[in-house]
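Structure assessment
Below, each chain spelled out in residue letters.
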Amino acid sequence: MGTWFKRATASGTVLLAAAAAVGFAGASAHADDDLYISRTVGVYSTPYATSSKVAPDLHAGDTVAVNCWTVGGNVGTYGDVWYHAVREGYTSGEQWIEGWVFAPFVDGANDFHTGAIPKCP
């Protein structure tokens, strides 16, 4: 029984390690993408320009860290792609306020078009 128990324990350890590896490989980690702002951009509570703003507007020279994109409200003829903002970098300092920024006004929706950031869950 001692040998069988050792084999069962070893097999269980291998299975546990394999399950952990599969779980880790299945998770997709993506670093936030810091984008430089070249025009005024609002940070909204939802991906719609009609929603309330949750942070001060970003201006040329500021940055915004985004981690995914979604479809939201249209803005003029520019489209409907919005980035989820996780950090705003102002010339006066950083704020960690989550919100939504209109992708065409941030980087021309480049990160969306090139697939540099994933679709939000």
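Residues numbered from 1 in each chain as written. Predicted model: local features only at pLDDT ≥ 70, side-chain atom pairs only at ≥ 80, totals over all residues. Heavy atoms only, no water.

**So, the overall build of the protein**
Threshold: Helical segments are the DSSP runs of H or I of at least four residues, strand segments are the runs of E of at least two, and each set is numbered from the N terminus. The cut-offs for exposure are 20% and 50% of the maximum accessible area for each residue type, with area from a 1.4 Å probe on protein chains only; residues under the lower value are buried, those over the upper are exposed, and the others partly exposed. Any two residues whose heavy atoms approach within 4.5 Å are treated as being in contact.
Looking only at helices and strands, one finds three helices and seven strands in the protein. Traced from its N-terminal end to its C-terminal end, the protein shows the element sequence α-β-β-β-β-β-β-β-α-α. Buried residues in the protein amount to 36% of all 121 residues. Excluding contacts between residues fewer than 6 apart, the proportion of contacts in the protein whose partners are at least 24 apart in sequence is 54%.

**Notes on the state of the cysteines**
Rules: A pair of cysteine sulfur atoms is labelled a disulfide when the two atoms are within 2.5 Å.
Using the criterion set out here, one finds one disulfide in the structure. Residue Cys68 pairs covalently with Cys120 via a disulfide, S to S 1.9 Å. Its torsion about the S-S bond being 90 degrees, the disulfide of Cys68 and Cys120 is classed as right-handed. Placement of the pair is Cys68 in strand S4 (residues 63-71) and Cys120 in the segment after helix H3 (110-114), with a sequence separation of 52 residues.

**Brief notes about the pattern of salt bridges**
Between side chains of opposite charge, pairing is possible as soon as their charged atoms come close. The test is simple: Salt bridges, as used here, are contacts in which a Lys or Arg side-chain nitrogen is within 4 Å of a carboxyl oxygen on Asp or Glu.
Following the criterion strictly, the structure yields three salt bridges and no others. Across the pair Lys53 and Asp57 runs a salt bridge whose closest N-O atoms are separated by 2.8 Å. With a relative accessible area of 44%, Lys53 lands in the partly exposed category. With relative accessibility at 22%, the residue Asp57 sits in the partly exposed group.

**What to know about the nonpolar core**
Threshold: We define the nonpolar core as a collection of buried residues of types Ala, Val, Leu, Ile, Met, Phe, Trp, Tyr and Cys that are connected through side-chain atoms lying within 4.5 Å of one another.
Val41, Leu58, Val64, Val66, Tyr83, Val101 and Val106 are the most contacted members of the largest nonpolar core, which has 26 residues in total. For this core, the secondary structure elements donating two or more residues are strand S2 (41-44), strand S3 (53-58), S4, strand S5 (81-90), strand S7 (99-102) and helix H2 (103-107). The element best represented in this core is S5, accounting for five residues. In contact with Val66, not counting residues within four places along its chain, are Asp32, Asp33, Leu35, Tyr83, His84, Ala85, Val101 and Ile117.

**What about the packing of aromatic side chains?**
Put simply, the rule reads: Classification of ring pairs rests on two measures: the distance between centres of Phe, Tyr or Trp rings, Trp counted by its six-membered ring, which must be within 6.5 Å, and the angle between planes, read as stacked under 30 degrees, edge-to-face over 60 and tilted in between. We call a charge positioned above a ring when the Lys NZ or Arg CZ atom is no farther than 6 Å from the ring centre and deviates by at most 35 degrees from the ring normal.
Counted according to the given criterion, the structure contains five aromatic pairs. Centre to centre, the rings of Trp69 and Phe112 are 4.6 Å apart; their planes meet at 75 degrees, and the pair counts as edge-to-face. You can see Trp69 sitting in strand S4 and its partner Phe112 sitting in helix H3, a full 43 residues away along the chain. Take Trp69: its relative accessible area is 14%, and that puts it in the buried class. Residues Tyr78 and Phe105 carry aromatic rings whose centres are separated by 5.0 Å and whose planes lie at 80 degrees to one another, so their mutual orientation is edge-to-face. Pair noted here: Tyr78 is in the loop between S4 and S5 and Phe105 is in helix H2, with a separation of 27 residues, a long-range link. Grouped by ring-pair contacts, the aromatic residues Tyr44, Tyr78, Trp82, Phe102 and Phe105 constitute a single cluster. Taking the ring centre of Trp69 as reference, the NZ or CZ of Lys119 above it sits at 5.3 Å.

Limitation: the analysis is restricted to geometry and does not speak to function.
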